[in-house]
Amino acid sequence: MKHLLPYLQDDQKAADYLRQVRWPAGVTCPRCGSTVVDPRERCDNGLQRFNCVPCATRLGQQFAMFTDWTGSIFEESKLHPLDWLLVIGLWQLKLNATDIAAAADIQERTAQRCINLLDGGIYETYHLEPSRQLEHQVEADECYQSAGSKGLPREVERHDRAPRQRGLQLRGRATAEMGRPPLLGLVQRRDKADQDAPAAQVYLEVLENVRSATIKPIVAAKVKSGAQFFTDEYNIYHFTKADYDHRTVNHGAGEYARRDPDGTCVHCNTMEGIWSGLRNFLDHFRGISQRFLHLRVARYEFLHNHGHLHWRQTFEVALRCLFSTTGDYWRWMAHQHRRMPLTLCYR
Ligand SMILES: [Zn+2]
């Protein structure tokens, strides 16, 4: 986080840095995209105001003002630019709300809102980005994460079921309904021959259940056809034979890796490694609600896929993602759960 130090002096410096990342080629109007904008006096919290000349003319007004944050997910936030800069830096260190609150000297409730907004922005702009596809050598695997209706007894009542059973072996494959939503992991192996190749690129999706019908559209959308596709023997992957060079290792027979005659290494060890990293990350949240699981998983996915970059580069890629959304997804989320205060998810 050292590179942030010069910008953490005051709100104006923080706002200037954030503006530089949002508009590297110069400020443009978030409404009309025009570059004919005049800087005006700053807001009390250090944000720069601008007047868009074309918008003012179009509206027949003297001014059409916007600020550094107009049309971004930060627009409605009362937190100052300096605090946001610090929070985003701590968010990148994979901290939970309690730790961010302590480190940034803000309320835990505020920190909780902040990480939901940031994770939601990354989910919307990075995780859901349709052009991101995996190719060459792709491993697939699934794992299960305990996540219930944390802090929401009403949710449990609504489903008319007993509270989630903990620590007991359940029969069959777990589902979200049973309190253990499955996760599908797809990972493109790192090209070892290429020194500059980025880290293994991963795509993680929280599922309702593990059935072929659930997994098929995700694999079709995310893995380029013709890729080598490595899984275990589990029959939900059988459909991939049609579009991919599908090879399996037989975990049941104690086989975890093998080299095929054509020299291809057949295993799912890359994905296994990512699962252990993800578990480690999710453990920091000390129990996680199903409402937020996909957001935390999206943060892990983003940070993992940018792990090969310098800290500052990752920070700025994250910021550019966040500035590329207006937070529609987040508003939708908040609307869905309007009667469930955010603080409840964190005991
Ligand atoms: Zn304009």
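What this report covers is the structure whose coordinates are included nearby.

Definitions and limits used
Residues numbered from 1 in each chain as written. Predicted model: local features only at pLDDT ≥ 70, side-chain atom pairs only at ≥ 80, totals over all residues. Heavy atoms only, no water. Helix = DSSP H or I, 4+ residues; strand = E, 2+ residues; numbered from the N terminus. Buried < 20%, exposed > 50% of the residue type's maximum accessible area, 1.4 Å probe, protein only. Contact = heavy atoms within 4.5 Å. Areas by Shrake-Rupley, 256 points an atom, 1.4 Å probe, with all protein chains shown as cover. Polar contact = N/O pair within 3.5 Å; in protein donor to acceptor, adjacent residues only side chain to side chain. Expected span 1.5 Å × (residues − 1). Donors = N, O, S within 2.8 Å, 3.2 Å for Na, K, Ca; no water. Tetrahedral: all angles 85-135°; square planar, octahedral: opposite > 155°, others 65-115°. Salt bridge = Lys/Arg side-chain N within 4 Å of Asp/Glu carboxyl O.

1. Digging into the overall build of the protein chain
Across its full length, the protein chain holds eleven helices and ten strands. Expressed as a percentage of the 347 residues in the protein chain, the buried residues total 50%. Pairs at least 24 apart in sequence give 63% of the contacts found in the protein chain among residues at least 6 apart. Surface summary for the protein chain: the accessible area is close to 17400 Å², and the carbon and sulfur share equals 49%.

2. Some details on the side chain of Arg-247
Position of Arg-247 relative to the elements: it lies in strand E8 (residues 245–249). Separated by 2.9 Å, the side chains of Arg-247 and Asp-260 make a polar contact. Dropping the residues within four chain positions of it, Arg-247 is found in contact with Gln-228, Phe-229, Phe-230, Thr-231, Asp-260, Asp-262, Thr-264 and Val-266.

3. Let's talk about helix H9 (residues 290–305)
Over its 16 residues, H9 runs 23 Å from end to end, which matches the ideal 22 Å to within 8%, given 1.5 Å per residue. The buried count for H9 comes to 15 of 16 residues, which makes it a mostly enclosed element.

4. Focus on the coordination of the zinc ion
Every protein donor of the zinc ion is accounted for by Cys-29 (SG), Cys-32 (SG), Cys-52 (SG) and Cys-55 (SG), and the metal-donor separations fall at 2.2 to 2.3 Å. If you look at the zinc ion, its four donor atoms make angles of 106 to 114° with each other, and the shape they trace is tetrahedral. Between the donor residues of the zinc ion, the gaps in sequence give the motif C-x2-C-x19-C-x2-C. By the burial criterion, Cys-52 is buried, and Cys-55 matches it.

5. Overview of the environment of Arg-42
Inspection of the secondary structure puts Arg-42 in strand E1 (residues 37–42). Separated by 30 residues in the primary sequence, Arg-42 and Gln-12 place their C-alpha atoms 8.6 Å from one another. The contacts of Arg-42, once residues within four sequence positions are left out, are Gln-12, Ala-15, Asp-16, Arg-19, Leu-47, Gln-48 and Arg-49. Here Gly-46 takes part through its backbone oxygen, which lies 2.7 Å from a polar atom of the side chain of Arg-42.

6. Notes on the pattern of salt bridges
The full count for this structure, using the stated rule, is 16 salt bridges. Notably, a salt bridge pairs Lys-13 with Asp-10, separated by 3.6 Å at the nearest N-O pair. For Lys-13, a relative accessible area of 39% corresponds to the partly exposed category. The class for Asp-10 is partly exposed, based on a relative accessible area of 30%. As a salt-bridge pair, Asp-16 and Arg-19 come within 2.9 Å of each other at their nearest N and O atoms. With Asp-16 and Arg-19 both in helix H1 (residues 11–22) and three residues apart, the pair spans about one turn of that helix.

Limitation: the analysis is restricted to geometry and does not speak to function.
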